[in-house]
Amino acid sequence: MRTQVAIVGAGPSGLLLGQLLHKAGIDAVIIERQSADYVLSRIRAGVLEQVTMDLLDEAGVGQRMHREGLVHGGFELLFKGARHRIDMQALTGGRQVMVYGQTEVTRDLMDARAAAGLSTVYGASEVSVHDFDGERPQVRYTSQGQQHELSCDFIAGCDGFHGVCRASVPAGAITEFEKVYPFGWLGVLADVPPVSHELIYANTERGFALCSMRSATRSRYYVQCPVSDSLSRWSDDAFWAELRLRLDPQAREQLVTGPSIEKSIAPLRSFVAEPMRFGRMFLAGDAAHIVPPTGAKGLNLAASDVKYLSTALIEHYRDKSAAGIDSYSERCLRRVWRAERFSWWFTSLMHQFPEAGGFGQKVQEAELDYLVNSNAAATALAENYVGLPLQ
Ligand code: FAS
Ligand code: PHB
């Protein structure tokens with residue numbers, strides 16, 4: 001088999017890249033180790049930046065997002081029992097975010113790919129990548145008991161943090177930067193109306209909490225939990241009781257609880273692999289970087305990587321230009337590190353770090369007080385949250 005671009009991974013990165021390349025008449029095959037249902041079952045991101053919204057429109061899959069998504073102009077910070085609204089729209093000259101779950105983005109991309117009759121191999125095993133630093137890259141995999149060799153011009157490693165592509169790069173050719181946080185997020189999805197019409201980020205003595213949503217009837221909540229915590233400790237009642245303890249009286253009063261339809265614990269880490277290009281193989285999305293979800297940047301960074309990569313590949317095939325390919329890694333990493341910084345900063349501000357002691361706690365309180373009383377500080381938060389413009 002042969003294709004122009006072999007994409008490993010059918011998460012948002014791989015699917016969006018496949019769609020943008022298809023729109024440009026470039027052939028790509030996606031190889032995914034899980035089933036489509038399994039990919040859809042993973043509950044992850046909830047907030048899209050304008051850059052991501054624009055990309056989904058460019059890919060021709062934004063219709064349902066505009067119909068069903070929720071446009072948000074602000075969010076609230078809750079600390080010391082009081083809520084403070086960050087008016088993103090006013091602070092950034094009108095920019096907003098879209099609350100629309102990653103599951104729905106993935107579904108829209110899957111539907112578009114199927115409608116176009118494009119090739120996606122689900123349930124592939126023994127996936128390996130070869131000769132990506134040479135002239136004849138190949139992806140090998142087993143599907144339905146048959147071994148396959150897919151020859152291609154380029155490989156896009158869209159296979160997430162635990163994928164095979166980054167792992168196949170020789171140790172001497174890659175540098176990894178990592179910070180692991182001493183806590184995780186316990187998340188619950190439930191078909192109950194959100195506690196508020198906007199997101200609430202809470203920093204309380206008991207730990208961080210986030211009140212988010214997927215629609216007017218489906219809510220997404222998170223509480224900071226020990227990294228060693230296990231789901232067996234968290235019945236639905238235990239979760240709702242803990243969340244209540246981390247809310248202000250008004251939110252506590254308005255909270256509607258119900259049975260969880262998904263419950264999971266995610267570890268938090270910051271991670272970047274440099275560079276993001278190895279000959280004819282490119283890493284995009286979680287395959288190259290991870291951010292703690294506090295800043296809602298993970299999915300959005302994946303989207304901007306894919307924008308840069310699709311543009312580079314289109315220039316290669318259409319204009320016979322290597323400029324985009326040669327600058328891909330540098331362009332991505334400048335944006336990646338700005339998002340890494342913001343996500344680390346917002347995580348450090350909003351979570352409890354017992355090891356930081358009394359001084360750390362007081363510095364956190366002073367920064368929160370400064371943030372909600374300084375237009376300059378709030379503007380910095382707002383412009384990072386809505387997403388920095390593409391360079
Ligand atoms: P993904 O990990 O989504 O997709 C990679 C795909 O590659 C997967 O389908 C995987 O099965 C496949 N794959 C892996 N190895 C393979 C192999 N060897 N061969 C073939 N296929 C292979 N971001 C936010 O903005 N907000 C959040 O709240 C948030 N919560 C998250 C919670 C969790 C538990 C996790 C893990 C991530 C969360 N993220 C969040 C980040 C998340 O949204 C990612 O940024 C997003 O999924 C990135 O998409 P991809 O790069 O496509 O990677
Ligand atoms: C979510 O809705 O899942 C979500 C929203 C904002 C975040 C993280 C997660 O910062």
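Residues numbered from 1 in each chain as written. Chains lettered and ligands numbered in written order. Predicted model: local features only at pLDDT ≥ 70, side-chain atom pairs only at ≥ 80, totals over all residues. Heavy atoms only, no water.

## Description of the overall build of the protein chain
Per the secondary structure count, the protein chain includes twelve helices and 20 strands. Taken against the 2.2 N^0.38 rule, which gives 21 Å for 391 residues, the C-alpha radius of gyration of the protein chain at 21 Å falls within 12% of a compact globule. Here the protein chain, with 391 residues, has 55% of them falling under the buried criterion. About 16400 Å² of surface is accessible on the protein chain, with carbon and sulfur atoms providing 51% of the total. Treating the 39 positive side-chain charges of the protein chain as one cloud and the 45 negative ones as another, the clouds have centres 1 Å apart. (Helix = DSSP H or I, 4+ residues; strand = E, 2+ residues; numbered from the N terminus. Rg over C-alpha atoms; globule rule 2.2 N^0.38 Å. Buried < 20%, exposed > 50% of the residue type's maximum accessible area, 1.4 Å probe, protein only. Areas by Shrake-Rupley, 256 points an atom, 1.4 Å probe, with all protein chains shown as cover. Lys, Arg positive; Asp, Glu negative; His and termini not counted. Charge placed at Lys NZ, Arg CZ, Asp CG, Glu CD.)

## Thoughts on the site of ligand 2
Surveying the vicinity of ligand 2 reveals 14 residues, the closest of which are Tyr201, Ser212, Arg214, Tyr222 and Pro293. At 3.3 Å from an oxygen atom of ligand 2 is found a main-chain nitrogen or oxygen belonging to Arg44. Interatomic distance of 2.9 Å between a backbone N/O atom of Pro293 and an oxygen atom of ligand 2. Calculation on ligand 2 without its partners gives an accessible area of 280 Å², and the protein chains cover 98% of this total. If you list the elements that add at least two residues to the shell around ligand 2, you get β15 (207-213) and β16 (219-226). Taken together, the residues that form the shell around ligand 2 break down as eight nonpolar, three polar and three charged. (Near = heavy atom within 4 Å. Polar contact = N/O pair within 3.5 Å; in protein donor to acceptor, adjacent residues only side chain to side chain. Nonpolar A, V, L, I, M, F, W, Y, C, P; charged D, E, K, R; others polar.)

## Structural notes on the sheet that holds strand β18 (residues 277-278)
Sheets are built from strands paired through backbone hydrogen bonds, the pairs being either parallel or antiparallel. Sheet architecture is open: six strands sit in the order β8-β2-β1-β12-β19-β18, paired in mixed fashion. Both outer strands of the open sheet, β8 (120-121) and β18, are each paired with one neighbouring strand and no more. Here two bridges tie strand β2 (residues 28-31) to β8, and the two strands are oriented parallel to one another. Bridging across to β8, Ile30 finds its partner in Thr120. (Pairing = 2+ DSSP bridges.)

## Re helix α3 (residues 50-58)
Of the positions making up α3, those classed as buried are Val51, Thr52, Met53, Leu55 and Leu56. Downstream of α3 by a residue or two, Gly60 has a phi angle that is positive, lying close to 80°.

## As for the site of ligand 1
Not every one of the 29 residues close to ligand 1 is listed here, only the nearest: Ser13, Glu32, Arg42, Arg44 and Gln102. Take Arg33: an N or O atom from its main chain is 3.2 Å from a nitrogen atom of ligand 1. In this structure, an oxygen atom belonging to ligand 1 sits 2.7 Å away from a side-chain N or O atom of Arg42. Protein contact buries 87% of the 1000 Å² of open area that ligand 1 shows by itself. Of all elements in the fold, only α1 (12-23) and α9 (298-319) reach the threshold of two or more residues within the shell around ligand 1.

## Observations concerning the pairing of strand β5 (residues 75-79)
Among the five residues of β5, five are classified as buried, and the element is accordingly described as predominantly covered. If you look at the hairpin formed by β5 and strand β6 (residues 82-86), you'll find two residues sitting between the two strands, and Lys80 has a positive phi there, around 50°.

## Focus: the sheet that holds β5
With respect to topology, eight strands assemble into an open sheet ordered β6-β5-β14-β15-β16-β13-β17-β20, the strand pairing being mixed. Bordering the open sheet on either side are β6 and β20 (289-290), each of which pairs with just one other strand. Note that β5 and strand β14 (residues 200-204) share four bridges and pair parallel. Considered in β14, the bridge of Glu76 is made with Ile200. Along the sheet, helix α7 (residues 236-245) contacts β13 (175-190), β15, β16 and β17 (260-274); its crossing angle with β16, the most-contacted strand, is approximately 85°. (Contact = heavy atoms within 4.5 Å. Axes fitted to C-alpha atoms, helices over the stretch in contact; angles between N-to-C directions.)

## Observations regarding the environment of Glu135
With respect to the helices and strands, Glu135 occurs in the loop between β9 (125-130) and β10 (138-143). There is a polar contact of 3.3 Å between the side chain of Glu135 and the side chain of Arg280.

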